[in-house]
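# Residue-level structural notes
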Amino acid sequence: MGYDEALKHLGEFGRYQKRIYFLLCIPTISCALHKLAWVFLGARVKHRCKLPYEADNATFDLGSDLNMTIPWDKSHHGPAKCLRYDANFTSEYFQEGIPANKSVECHSWVYDTSVYESSAVMEWNLVCEDAWLRATADSIFMSGVLLGSLIFGDLSDRFGRKPTFFFSLVLQVIAGIFAAFAPDYISFVIARMIVGATTSGVFLVAYVIGVELVGPSARLFTGVFCQYFFSFGFLVTAFFSYFVKDWRMLQVALTVPGIIFFSYWWIIPESVRWLLTKGRVDEVKVLLNKAAKENKVEIPEELFKKITEEKVDEEDNTQRHSLLDLFRYPNLRKKTLYIFFNWMVISGSYYGLSWNTSNLGGNDYLNFIISGVVEIPGYTFALLTLNRWGRKLPLCGSMLIGGLALLLTLAVPEDMNWLFISLAMFGKLAITAAYGAIYIFSAEQFPTVIRNVAIGASSMSARVGGILAPFINLLANYWKPMPFIIFGALAFAGGLMVLLLPETMKKQLPETIEDGENFGKKIVEDQEEATALSPRHKNDSDVGDKKTVTA
């Protein structure tokens, strides 16, 4: 393509591209704030039944009256959180010390405000039989992320990357502020769902603009490096949460910084590649001249003419491909299912572990910060190994090791919580490395003619994992290690599946559906595989004539 040739003269990752790319990475922090905020907005706090004789401002500590008012929960080795003794609470009752022998469920609660002064959980009593509503809030948020990836992805292709990016930003701020003042649970989760959708619009569109700015040699770096900013968002979220104790004001504090990015309208350019597809050559010329000036180079006139006169190639003059084509043929179907499963597992495990820090024990803020810090070596591992060791080994190894670490939490004694936390954090590190590898490995597995559709479907699989993760975390209410065991088992299974996929580094990547079916087969003895394909694919290419295809 002419634009790729121009990048060789312009610089595949010159000063201009670096500046724009860095600015586009910063809003990733804002997306992280919203995706991680529920850990503190809906903080899980200690609670007990409010007793009939207590005032609204009752404190959590019952002191010497505890044993006579709250039954002991053997499974949690402590006072029950959702039951109280059914007794006539009078002064004579306590003086006599008569124990009650019947427990009843709570209708109101007293919360421990020693760590969190307020949260949505306290305000709307999302505990005990309504504890599932806390998980549902995060699940609905991730449903919004799924819808956003579909809606804003289509808008960016139709109307451009830049207007879609700013529409997402404005909507994110409006919905975020509304969530802070939502009068009830339902309106709050709807507002948060819209915020979730806008994180797709902000992050994905910014990611696309950044990747479309640079040449092929810089795409691995730009694809992974932006994830560091998301990890930095962990630290920023913890910082705001530690100092802003009121959950509604915390929502405001996490939202308002997004207004800063409105100034990008005068800084961030439209994607040159998108402008070329729309034939807007005058704008292309202005942007390329601006980039060349900042990079202190010149684009040859004949090359510039070639770029602006270039017509967009037809994807296929005879046929259009759909997602169903990935499932028509056995080898391609197998690889597709393995990849979709791994996207679901990696995303579900990543967000599940990120949101589950309050179940680890110890200091919630410290656990949360460590959960963010361990991502840095995870992404660094992916960045340093994907072009050296291939795609398959780092991805497979990360998932197997991460899964094993999470499974080992099952064997940790109760008095060794530091070891439990260490294994959980090491598992998070490994899953993060896998997240950095899955993007490029998946893109290289799918045929060119259907690659965008396939990656979009992979992203949808990832969102499914994120939707399920809060409900898996809910199982910690019954047994602390359960979520870690589930995430670990799924990650280990996903790692085994990666072993069945072909390596893609330094391989000729599949272009057609037929290429995709043959890619990864060690031997194709005759033309039976090719003839098994639908006649409408016979003209895709002559790859089927090859006797061997290297995995």
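As a starting point, this report considers the structure included with it. (Residues numbered from 1 in each chain as written. Predicted model: local features only at pLDDT ≥ 70, side-chain atom pairs only at ≥ 80, totals over all residues. Heavy atoms only, no water.)

### What about the nonpolar core?
Keep this limit in mind: Within this scheme, the nonpolar core is defined by two criteria: the residues are buried Ala, Val, Leu, Ile, Met, Phe, Trp, Tyr or Cys, and they are joined through side-chain atoms within 4.5 Å. Categorising residues by exposure relies on relative accessible area from a 1.4 Å probe, with only protein chains included: less than 20% of the type maximum marks a residue as buried, more than 50% marks it as exposed, and the intermediate range marks it as partly exposed. Whether two residues touch is decided by their heavy atoms; if any such pair falls within 4.5 Å, the residues are in contact.
If you look at the biggest cluster of nonpolar residues, it comprises 139 residues, and the most contacted ones within it are Phe165, Phe188, Ile346, Tyr350 and Leu395. With residues up to four places along the chain from it excluded, the contact list for Ile346 reads Leu395, Met399, Ile431, Ala434, Tyr435 and Ile438.

### Details of the state of the cysteines
Convention followed: Disulfide: a pair of cysteine sulfur atoms within 2.5 Å of each other. The helix count covers DSSP runs of H or I at least four residues long, the strand count covers runs of E at least two residues long, and both are numbered beginning at the N terminus.
All told, the structure shown has two disulfides when counted by the stated rule. Put simply, Cys49 and Cys106 are joined by a disulfide, and their sulfur atoms are 1.4 Å apart. Where Cys49 bonds to Cys106 through sulfur, the torsion about that S-S bond is close to -65°, and the disulfide is left-handed. Residue Cys49 is found in strand β1 (residues 47-49), and its partner Cys106 is found in the loop between β5 (103-105) and β6 (109-111); the two are separated by 57 residues along the sequence. Note on accessibility: Cys49 and Cys106 belong to one class, buried. Residue pairing for Cys82: its cysteine sulfur links by disulfide to Cys128, the two sulfurs lying 2.0 Å apart. Residues Cys82 and Cys128 are joined through a disulfide that is left-handed, its torsion about the S-S bond being -95°. With a gap of 46 residues between them, Cys82 in the loop between β3 (78-79) and β4 (83-85) and Cys128 in the loop between α7 (120-124) and α8 (131-159) connect regions that are remote in the sequence. Residue classification places Cys82 among the partly exposed positions, given a relative accessible area of 27%.

### Description of the packing of aromatic side chains
Spelled out, the test is: Between the rings of Phe, Tyr and Trp (Trp by its six-membered ring), a pair exists once the centres lie within 6.5 Å; its type follows the angle of the planes, with under 30 degrees stacked, over 60 edge-to-face, and the other angles tilted. Only when the NZ of Lys or the CZ of Arg is both within 6 Å of the ring centre and within 35 degrees of the ring normal is a charge said to sit over the ring.
In this structure the tally under the stated criterion is 34 aromatic pairs. Ring geometry for Trp124 against Phe188: centres 5.6 Å apart, planes inclined by 55°, an arrangement best described as tilted. Of this pair, Trp124 sits in helix α7 while Phe188 is found in helix α10 (residues 185-213), placing the two residues 64 residues apart along the sequence. Of the two residues examined, Trp124 and Phe188, each falls in the buried class. Here the aromatic rings of Trp343 and Tyr439 are separated by 5.0 Å at their centres, their planes lie at 75°, and the arrangement is edge-to-face. Of this pair, Trp343 sits in helix α16 (residues 330-355) while Tyr439 sits in helix α20 (residues 417-445), and the two are 96 residues apart along the sequence. Taken together, Phe40, Tyr116, Phe234, Phe239, Phe240, Tyr242, Phe243, Tyr365 and Phe368 form an aromatic cluster joined through their ring pairs. For Lys245, the ring lying beneath its charged end belongs to Tyr242, and the centroid distance is 4.8 Å. The ring of Tyr350 carries Lys428 above its face, with NZ or CZ at 4.9 Å from the centroid.

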